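Next come the chains, spelled out residue by residue.
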Amino acid sequence: MRSTPALLLIGFSLLPAGARCEARELALTLDSSTPGVTLAATLRLPEGDGIRHAALLLPVAGPTDRDLSVGDRGIYRAAAEILAAEGIATLRLADRGVDGSRGDWRNTSFADRLADAVAALGQLAARPELSGACTGLVGMSEGGALALAASSAAPGVAFVVALSPPMESGAVTLRGQRERLLAASPAPDAVKEELRAASEVLLAAVAAGDEGGVRRVLAGPLGPMLLLPYGFVPRELEERIAFVLSPWYRSQVAYDPGPLVAAARGPVLAVFGELDQVIDARRSADLLRQALAQTAPSSHRVELRPQRNHLLMPAVTGSPAEYGTLPEVVDRDLWREMAGWVREVCGEQGAGTASGRR
């Protein structure tokens, strides 16, 4: 597999292992798990030599750029800067078809994204600048689930940080999102019941790959109201039909967290936001805590953060509608504490230069 630095940084990329890092970021082109499909990525390196810790940052569901951008601000870009100051190198990558990556995110199933994560992790671990580094996975939302799954699929994963990972099935999560929207809707109760019934028919048709069933529901009078109003969801009927029958959407419906948690390896830090309106954070935290207790509970941490939304941003209501209006794109204390936990599980808490970078 290849890892190609941007032209202006080629000289730096050829520095021998252990050489002092002068440039802070490298633009890379990574191999995905599909031959001929490459992923755009950015490697952020801390200052100094002998980098001891590194993490692959895995994106949320949907078309996501490498910075996990909210408007013109990047959650992962800011997080990478914080972690670099803490002595932790990070690799953040864009979904297929986004931000310079090739391919089409709609044509990727959860299994495809998992395979891409494993491929990227292998290329991160092979970087000469990171020789001997304690390497792990950090993911937000679906990225957290991918991190749990990839910890067993990739060799040498030392830690997993799962931020707001959905721990209920895809269908249950979608129903929960639907109910939260209906609760805020002024529509009459009778209309809400019709929407619930039509939504269940749609979920069943998607799960079965029944194009005729999908078409009948989406072409019906309630069809325009059945899909969540995210910006990447198409508006035209034929595009909406293709969208819900795509590998990406079908894998969202079929998502099952049970096997992911059962297969998780290494210490796990999981953080949820109490104001989360995308998943049932308290329920997911309880389910994950129960599942991890079956392995080595002393090495795991699961916590709920007050006044934090699904993206762990300091929030007011937790609604996705306010994401772009919030003054802080990241909870800096959370990411610093995460860095301390990484050093602890890697056996270097308080050691070396990292301990003085708060």
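Whatever comes next refers back to the structure up there.
Here the structure is a predicted model, which means the values were calculated and not measured.

Enquirer: Quick question: what am I supposed to make of the layout of surface pockets here?
Expert: Empty space among the atoms can be located by rolling a probe the size of a water molecule over them. Taken as a whole, the second largest pocket holds about 150 Å³ of empty space. For the second largest pocket, the full set of lining residues is Val 118, Leu 121, Gly 122, Ala 125, Leu 130, Gly 132, Ala 133, Cys 134, Thr 135, Ala 154, Pro 155 and Gly 156. Where the lining of the second largest pocket is concerned, the elements lending two or more residues are helix H3 (110–125) and strand E8 (134–140). For the lining of the second largest pocket, the leading source of residues is H3, giving four residues.

Enquirer: Please clarify how unusual backbone geometry should be interpreted in this entry.
Expert: Excluding glycine, a negative phi dihedral is what most residues carry, and trans is how most peptide bonds are arranged. Not every positive phi belongs to a glycine, and Ser 164 is a case in point at roughly 55°. For Ser 164, the location among the structural elements is in the loop between strand E9 (160–163) and helix H5 (170–184). Judged by relative accessible area, which is 0%, Ser 164 ranks as buried. Look at Leu 312: it is not a glycine, yet its phi comes out positive at around 60°. Of note, Leu 312 is situated in the loop between strand E11 (301–305) and helix H12 (332–345). Of the residues examined, Leu 312 reaches a relative accessible area of 2% and is grouped as buried.

Enquirer: Teacher, can you tell me more about the nonpolar core here?
Expert: Generally speaking, nonpolar side chains in soluble globular proteins are found buried as a group. Formed by 84 residues in total, the largest nonpolar core has its most connected members in Ile 75 and Trp 335. In this structure Trp 335 touches Tyr 76, Ala 79, Ile 82, Leu 83, Val 138, Met 140, Leu 163 and Val 330, once residues within four positions along its chain are discounted. Core analysis: the second largest hydrophobic core is formed by 24 residues, Val 98, Ala 198, Leu 227 and Phe 243 among them.

Enquirer: Help me understand the pattern of salt bridges, please; the structure alone is not making it clear to me.
Expert: Pairs may arise between side chains of opposite charge once their charged atoms sit close together. Within the structure shown, the criterion is met by 26 salt bridges. In this structure, the salt-bridge partner of Glu 211 is Arg 215, at a minimum N-O distance of 3.6 Å. Taken together, the positions of Glu 211 and Arg 215, both in helix H7 (residues 211–218) and four residues apart, correspond to about one turn of that helix. In this structure Glu 211 comes out as partly exposed when scored by relative accessible area, which is 43%. Judged by its relative accessible area of 30%, Arg 215 is partly exposed.

Enquirer: Please clarify how the packing of aromatic side chains should be interpreted in this entry.
Expert: Counted by the stated rule, this structure contains twelve aromatic pairs. Ring geometry for Tyr 230 and Phe 232: centres 5.6 Å apart, planes at 5°, overall stacked. Arranged with centres 5.7 Å apart and planes meeting at 90°, the rings of Phe 232 and Trp 248 form a pair that is edge-to-face. With Phe 232 in the loop between H7 and helix H8 (237–244) and Trp 248 in helix H9 (residues 247–254), this residue pair connects regions lying 16 residues apart in the sequence. Judged by relative accessible area, Phe 232 falls into the partly exposed class, the value being 27%.

Scoring rules and cut-offs
- Residues numbered from 1 in each chain as written.
- Predicted model: local features only at pLDDT ≥ 70, side-chain atom pairs only at ≥ 80, totals over all residues.
- Heavy atoms only, no water.
- 1 Å grid on protein atoms, 1.4 Å probe; cavity = no way out; pocket = protein on both sides within 12 Å on 5 of 7 lines; lining within 4 Å.
- Points joined across faces, edges and corners; volume = space filled by probe spheres on them.
- Helix = DSSP H or I, 4+ residues; strand = E, 2+ residues; numbered from the N terminus.
- Buried < 20%, exposed > 50% of the residue type's maximum accessible area, 1.4 Å probe, protein only.
- Core = buried A, V, L, I, M, F, W, Y, C linked by side-chain atoms within 4.5 Å.
- Contact = heavy atoms within 4.5 Å.
- Salt bridge = Lys/Arg side-chain N within 4 Å of Asp/Glu carboxyl O.
- Phe/Tyr/Trp six-rings, centres within 6.5 Å; stacked < 30°, edge-to-face > 60°.

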